[in-house]
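Letter by letter, the chains look like this.
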Amino acid sequence: MSSRTYGGRRDDLEAASSSSPYPDNHEDETSSGPFDITSTKNASFARLRRWRQAALVLNASRRFRYTLDLKREEEKKQLISKIKAHAQAIRAAYLFKLAGERVNGTTTILPPTPHGDFAIGPEQLASMTRDHNLSALQHYGGLDGLSGMLKTNLDKGINGDDADLMNRRNVFGSNTYPRKKGRSFWRFVWEACQDLTLIILMVAAVASLALGMKTEGPKEGCYDGGSIAIAVILVIVVTAVSDYKQSLQFKNLDEEKRNIHLEVVRGGKRVEISIYDIVVGDVVPLNIGDQVPADGVLISGHSLAMDESSMTGESKIVNKNSKEPFLMSGCKVADGSGTMLVTSVGINTEWGLLMASISEDNGEETPLQVRLNGVATFIGIVGLTVAFVVLVVLLVRYFTGHEKNADGTAQFIAGQTKVGKAIDGVIKIITIAVVIVVVAVPEGLPLAVTLTLAYSMRKMMADKALVRRLSACETMGSATTICSDKTGTLTLNQMTVVEAYVGGEKIDPPDSSSQLSPTLTSLLSEGIVQNSNGSVFTPEGGGDVEVSGSPTEKAILNWGIKLGMKFDAVRSGSSIIHVFPFNSEKKRSGVAIRLPDSKVHIHWKGAAEMVLAACTQYLDANDNFIAIDEDKGAFFKKAIEDMAASRLRCMAIAYRLYESERVPTDEEELTQWALPEDDLVLLAIVGLKDPCRPGVKDSVRLCQNAGVKVLMVTGDNLITAKATALECGILNLDVDVDAPNLIMEGKEFRGLTDVRREEVAEKIFVMGRSSPNDKLLLVQALRKRGHVVAVTGDGTNDAPALHEADIGLSMGISGTEVAKESSDIIILDDNFSSVVKVVRWGRSVYANIQKFIQFQLTVNVAAITINVVAAVSTGDVPLTAVQLLWVNLIMDTLGALALATEPPTDHLMVRTPVGRREPLITNIMWRNLLIQAMYQVTVLLVLNFRGESLLLHLEHDYANKSSEVKNEVKKTLIFNSFVLCQIFNEFNARKPEEQNIFEGFTRNYLFMGIVSITVLLQVIMVEFLGNFASTVKLSWKLWLVSIAIGFISWPLAFIGKFIPVPRTPFSEHFKRIFPRRRSSRRSEGGAHEEGAHEEEIREEEEIREDSQQ
């Protein structure tokens, strides 16, 4: 397996040589166009502002609805700063007041006021935690007194039955905050009305209606203006309904993003609940990476340190202990662990006030959205130019007398035509020109991205992927490399101890307690129970015990239980002095405990070879301390290697005695105490089995076939990592797995030079014993090499790599809140197959947009060409204003809904990744588009200029009809044929590259429904709404002609797909032809461009500083 298999598209990515941590944003932006943004992740405001200013927009409120509101975002930042400053001011005032009270010997404390069944009210609790008032806490009787007032147990939590929970919510409030109401349906109607062209058409319709009724009477004079008015209203209503439904989808997805799940202790056992279900009195365990769900007081903690920057704005880590026990909602656990008592929830917390102020989601643009704005702007400029030409030509022809009535007389005769009639004629001409603009400017094109993203995000939720950033959804379609964790992603994360070495020998079965001495069993139980974040709940009435914690913790706790360990007895039999939480760098955790006889034991648990290296003795089955000599050391190492080769995770448990007098007594010193980790006594080495996920090999192969390289980054040793990679298909048996640089340890990769690291990153498939920093270095090296990188992560320390990657994928089950907040997509089931589904959906988003572009541009080119040629040559347009508005409705709203919601197909996963600099309109699309557009234009122009001869052959009584009726029949046939061409071409657009355009058609009910509705409405419009649509009824023969004209587009598309197209995009040829023009245009920007670029660099530096903090 060579790295060239995934080679990457060197030319499609941004400047790989950039030394910026964010190469995407530091591309040569002054040399690129305003719409040439390959990544909006961490993009500067100046960069985003550039494309907004460059876009041709008819309805800004609608076009920019789902983009980042730059003005509001800046206001939000200022508001957050004010609230943080307010929080700091309150804190400073409190400290000043406290200092004064200490001098005067007086303290102001709000006395507890009974509320309902509780001895204290929400106001006193909120005042205490907000002001960090330790005196108040002591006045209320400390933690014991406060828990009594709140009717909770500090160990077992609240009762947690429905009546208790309801009572607490009624007294103290729920953990929610008021949200700003979303836009109502009428707001969407109002925004749809703000389209400039529709406003002009409405004005024209009113004027035409007034003049028509005045000159021709109310009955006949209302049709022209009334038809346009009804058509405009129809467009507004359909647009508003479509936009409103999208907004509801986004609102539901936003609710999912906010709904954090966490564990609380209720009735003595840990239960998982939503953050919204937290109540005052709850006992909440906290671990590294968790978000504090409400305001509260620390019950107990070990090395607990908080990141309070989200509230105070200061990046300084704050240690929490009995002197600083107050915890603020929204802050993150930076280190250590602990439990807290919830005292305030929802709007009674500073975080609740903050979120209530900024709760409205301001949207976010995606790179595809920006590029489509560029396409829409280019097409719009062409459309405006064409409309202006048509307007001038028609006005000249009208005022020079070349425009004729049905009887052959001139429509305008200078000095004879009445002013009202002349104005009516001019209004009709302006209306035609404006409608050409409506059709020509694809206002709905950028919004089609939002439509397909909303659809995809909803479907991805069913596939266990929650999208946090819209742009990640489409960027995933360009991914060339996926850096995946092993545990839980490639494996099931269901661990069990299957091998064990205790007392210096292998015990078989591994849970056989008969082979262990009481002393050894006691020490093992002590190390397992006290050096664990897990817990064991034994029901009072008997029954199976419930074990909670991480999969590794649960496996070892279950093993201990089988050995006869009594969790509660062991935990209460000694007191914890200090804890060293599991560290991904050192791969181990430690705890110091004090026994009733004042002896101090220090227990360590972690990566087997690392703990073994710190051991000098082991405890044998007879309770003898035996030195680990060379032979015994080799025995243990061989045992570890054999277990690792069998794909087992190897863990070692060890301990040592420590002099009691050397233990720090001061709380500050104890916090900084580094637990001794030398001269350890080995107690046990265990092998944990974690089966690979079913189907993971097929998922990996699917990625490889799609040109996406899969790397495994794991904290396990190289032997285990290699065995897992072979089982998952990341490494193949027919490849020399011992070849250099395919498999590497993190520390070796870390020690390479930058250039060498980039070279190795291209070849590596497995990284073992890696730290989060190694993962970050790997991501940076790959991106500098031009790869689009997706990376999975679950720990707090993975946050930098998740932030740095093009797509950060956090784990929904095992992931911390810090990791989730740094990620772009949350994999809800921690499954690698879900990652592959995200790749499929990402490619589907891009493919669906391309289908819609091909469909829409075909309509644009055909409609504009037909009307322009007819207008310039005859002064008459075959497609009226109402008919063009109907075509626009089919194209913009219904067409987007039909094509943008195509589900992903297997065909998408046999192509190479889509380059982020590849043109949106590929050569294949140009071929399909031009074939269909040329066919439609040719046929319809023939009908326009030679249609009467065809009608004479089909309709025997056609010759006897008046010229006005003949003209109406001909125009209706042209309109009907044109619409049916679009309906048939909609099928062609489904499969731009495949011959079988009907594959999967019957499974896409939305597409079938929209096509059926469009056909039905077209029949109604032609046959029953003649006065409204300026049509006449067609005979069955002419309907067959219309259908035949539309049907021919199918065989034409089939044959056209055999025409080869060049590999080089047409856009590249234009760049070669007009290179000077681009450079001159760049220089025209002058100081403005330079200033904007400097502003972008400044903002990027601020982003980097924030991320480093």
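Residues numbered from 1 in each chain as written. Predicted model: local features only at pLDDT ≥ 70, side-chain atom pairs only at ≥ 80, totals over all residues. Heavy atoms only, no water.

J.: Would you take a moment to explain the overall build of the chain for this structure?
T.: From N to C terminus, the chain includes 39 helices and 26 strands. Contacts in the chain between residues at least 24 apart in sequence constitute 73% of all its contacts with a sequence separation of at least 6. Per element, the accessible surface of the chain, about 46500 Å² overall, is 56% carbon and sulfur. (Helix = DSSP H or I, 4+ residues; strand = E, 2+ residues; numbered from the N terminus. Contact = heavy atoms within 4.5 Å. Areas by Shrake-Rupley, 256 points an atom, 1.4 Å probe, with all protein chains shown as cover.)

J.: Hey, could you run me through helix 18 (residues 551-562) in this one?
T.: One turn of an α-helix holds 3.6 residues; hence residues three or four places apart share an orientation. The end-to-end C-alpha separation of helix 18 is 17 Å, in line with the 16 Å expected for 12 residues at 1.5 Å each. Restricting attention to buried positions, one finds in helix 18 the residues Thr-552, Glu-553, Ala-555, Ile-556, Leu-557, Trp-559 and Gly-560. Two residues or fewer past helix 18, Gly-564 is found with a positive phi of approximately 100°. (Expected span 1.5 Å × (residues − 1). Buried < 20%, exposed > 50% of the residue type's maximum accessible area, 1.4 Å probe, protein only.)

J.: Would you mind showing me how to read the sheet that holds strand 25 (residues 807-811) here?
T.: Strand pairing in a sheet relies on backbone hydrogen bonds. The paired strands run either parallel or antiparallel. Reading across from one edge, 8-26-25-24-9-21-23-22 is the order of the eight strands in this open sheet, with mixed pairing throughout. Lying at the two open borders of the sheet, with one neighbouring strand each, are strand 8 (465-467) and strand 22 (743-745). In this sheet, adjacent strand axes meet at a mean angle of 20° when their direction is disregarded. Inspection of the sheet shows strand 22 paired to strand 23 (residues 766-768) by three bridges, in the parallel sense. Across the sheet, the residue bridging to Glu-745 is Gly-768, located in strand 23. (Pairing = 2+ DSSP bridges. Axes fitted to C-alpha atoms, helices over the stretch in contact; angles between N-to-C directions.)

J.: It is not clear to me how the pairing of strand 10 (residues 496-502) should be interpreted in this structure. Could you clarify?
T.: Looking along a regular strand, one sees the side chains alternate between the two faces of the sheet. Among the seven residues that make up strand 10, five are buried, leaving the element largely enclosed by the rest of the structure. Sheet topology places strand 10 next to strand 11 (residues 505-507); three bridges connect them, and they run antiparallel. Paired with Tyr-501 across the bridge in strand 11 is Lys-506. Between strand 10 and strand 11, which follow one another and run antiparallel, lie two residues, and Gly-503 among them has a positive phi close to 70°.

J.: Just to check I follow, could you spell out the environment of Ile-381 for this structure?
T.: By secondary structure assignment, the location of Ile-381 is in helix 13 (residues 367-399). Judged by relative accessible area, Ile-381 falls into the partly exposed class, the value being 46%. Distance in space between the C-alpha atoms of Ile-381 and Ala-440 is 8.8 Å, their sequence separation being 59 residues.

J.: Honestly, the pattern of salt bridges in this entry has me stumped. Any pointers?
T.: Side-chain pairs of opposite charge can arise whenever the charged atoms involved come near each other. In this structure the tally under the stated criterion is 33 salt bridges. With a closest N to O distance of 3.2 Å, Glu-759 and Arg-756 form a salt bridge. Of the two residues, Glu-759 and Arg-756 are both situated in helix 26 (residues 754-763); the distance of three residues between them amounts to about one turn of the helix. Judged by its relative accessible area of 32%, Arg-756 falls in the partly exposed class. Across the salt bridge formed by Arg-990 and Glu-902, the nearest N and O atoms sit 2.9 Å from each other. With a gap of 88 residues between them, Arg-990 in helix 33 (residues 963-990) and Glu-902 in the loop between helix 31 (881-899) and helix 32 (923-954) connect regions that are remote in the sequence. Glu-902 shares its class with Arg-990; the two are buried. (Salt bridge = Lys/Arg side-chain N within 4 Å of Asp/Glu carboxyl O.)

J.: Please clarify how helix 17 (residues 518-530) should be interpreted in this entry.
T.: For helix 17, with 13 residues, the first-to-last C-alpha span of 18 Å sits near the 18 Å given by 1.5 Å per residue. The element helix 17 is extensively covered by neighbouring structure, given that 10 of its 13 residues are classed as buried.

J.: Honestly, the packing of helix 23 (residues 696-705) against helix 24 (residues 718-728) in this entry has me stumped. Any pointers?
T.: When two helices pack together, their arrangement is given by the angle between the helix axes and the distance between those axes. One way to put it is that helix 23 packs onto helix 24 with a least axis distance of 8 Å and a crossing angle of 80°. For the element pair helix 23 / helix 24, the angle class is roughly perpendicular. On helix 24, the residues that touch Val-696, Lys-697 and Val-700 of helix 23 are Leu-726, Glu-727 and Cys-728. Its residues placed into classes, the contact of helix 23 with helix 24 shows four nonpolar, no polar and two charged. (Parallel < 35°, antiparallel > 145°, perpendicular 65-115°, else oblique. Nonpolar A, V, L, I, M, F, W, Y, C, P; charged D, E, K, R; others polar.)

J.: Looking at this model, I keep getting lost on the pairing of strand 4 (residues 295-307). Mind explaining?
T.: Pairing analysis gives 10 bridges linking strand 4 to strand 7 (residues 332-344), with the strands arranged antiparallel. Residue pairing in the sheet places Val-297 in a bridge with Leu-341 of strand 7. Sheet topology note: the strand 4/strand 6 (residues 326-327) ladder contains two bridges and is antiparallel. For Gly-296, the partnering residue across the bridge sits in strand 6 and is Leu-327. Relative to strand 5 (residues 317-319), strand 4 is paired through three bridges, and the arrangement is antiparallel.

J.: Before we go on, may I ask you to explain the side chain of Thr-487 in this structure?
T.: Note that Thr-487 resides in the loop between strand 9 (481-484) and strand 10. Ignoring sequence-local partners within four residues, the contact set of Thr-487 consists of Asn-493, Met-495, Arg-649, Asp-690 and Asp-716.

J.: Just to check I follow, could you spell out unusual backbone geometry for this structure?
T.: Excluding glycine, most residues fall at negative phi; most peptide bonds, likewise, are trans. For the bond running from Asp-508 to Pro-509, omega is 0°, close enough to zero to count as cis. Mapped onto the fold, Pro-509 is located in the loop between strand 11 and helix 17. Positive phi values are uncommon outside glycine, yet Lys-464 reaches one of about 65°. In the Ramachandran plot, Asn-493 falls in the positive-phi region, its phi being about 60° despite a non-glycine side chain. The exposure class of Asn-493 is buried, given its relative accessible area of 16%.

J.: Looking at this structure, how should I read a nonpolar patch on the surface?
T.: Taken together, the side chains of Ile-1013, Leu-1016, Leu-1017, Ile-1020, Phe-1024 and Leu-1025 make up a nonpolar region of the molecular surface, amounting to roughly 540 Å² of accessible area. With respect to the element layout, Ile-1020 can be found in helix 34 (residues 1005-1023). (Patch = residues over 30% accessible without salt bridge, like charges linked within 9 Å, V, L, I, M, F, W, Y side chains within 5 Å.)

J.: Teacher, can you tell me more about the packing of aromatic side chains here?
T.: When we look at a pair of aromatic rings, we describe it by the centre distance and by the angle of the planes. Tallying each qualifying case throughout the model produces 21 aromatic pairs. With 5.7 Å between their ring centres and 65° between their planes, Phe-188 and Tyr-244 make a pair best called edge-to-face. With a gap of 56 residues between them, Phe-188 in helix 8 (residues 185-193) and Tyr-244 in helix 10 (residues 223-258) connect regions that are remote in the sequence. Under the relative-accessibility criterion, Phe-188 is labelled buried at 1%. Centroid distance Tyr-501 to Phe-635: 5.9 Å. Interplanar angle 75°. Geometry classified as edge-to-face. Highlighted residues: Tyr-501 in strand 10 and Phe-635 in helix 21 (residues 630-645), separated in sequence by 134 residues. Grouped by ring-pair contacts, the aromatic residues Phe-984, Phe-987, Phe-998, Phe-1001, Phe-1007, Phe-1047 and Trp-1050 constitute a single cluster. Over the ring of Phe-118 we find Lys-151; its NZ or CZ atom is 5.7 Å from the centre of that ring. Taking the ring centre of Phe-765 as reference, the NZ or CZ of Lys-709 above it sits at 4.5 Å. (Phe/Tyr/Trp six-rings, centres within 6.5 Å; stacked < 30°, edge-to-face > 60°. Lys NZ or Arg CZ within 6 Å of the ring centre and 35° of its normal.)

J.: How should the confidence of the model for the chain be read in this particular structure?
T.: The predicted structure's coordinates, where accompanied by low pLDDT, should not be read in detail. Of all residues in the chain, 82% have pLDDT values of 70 or greater, and the mean over the chain is 81. A low-confidence stretch, residues 1076-1109 stays under pLDDT 50, and its non-local contacts, those more than four residues away or across chains, total 34 contacts. (pLDDT = per-residue confidence, 0-100.)

J.: What's the story with the side chain of Thr-1031 in this structure? I'm lost.
T.: Examined against the element boundaries, Thr-1031 turns out to sit in the loop between helix 35 (1026-1029) and helix 36 (1036-1047). The exposure class of Thr-1031 is buried, given its relative accessible area of 7%. For Thr-1031, the side chain forms a polar contact with the main-chain oxygen of Met-1021, separated by 3.2 Å. For Thr-1031, the contacting residues outside a window of four places in its chain are Gln-883, Thr-972, Phe-975, Met-1021, Val-1022, Leu-1025 and Gly-1026. (Polar contact = N/O pair within 3.5 Å; in protein donor to acceptor, adjacent residues only side chain to side chain.)

J.: For this particular structure, what's the right way to read the environment of Lys-562?
T.: Secondary-structure assignment places Lys-562 in helix 18. What makes Lys-562 exposed here is its relative accessible area of 55%. Measuring from C-alpha to C-alpha, the distance between Lys-562 and Asp-511 comes to 5.8 Å, with 51 residues separating the pair along the chain.

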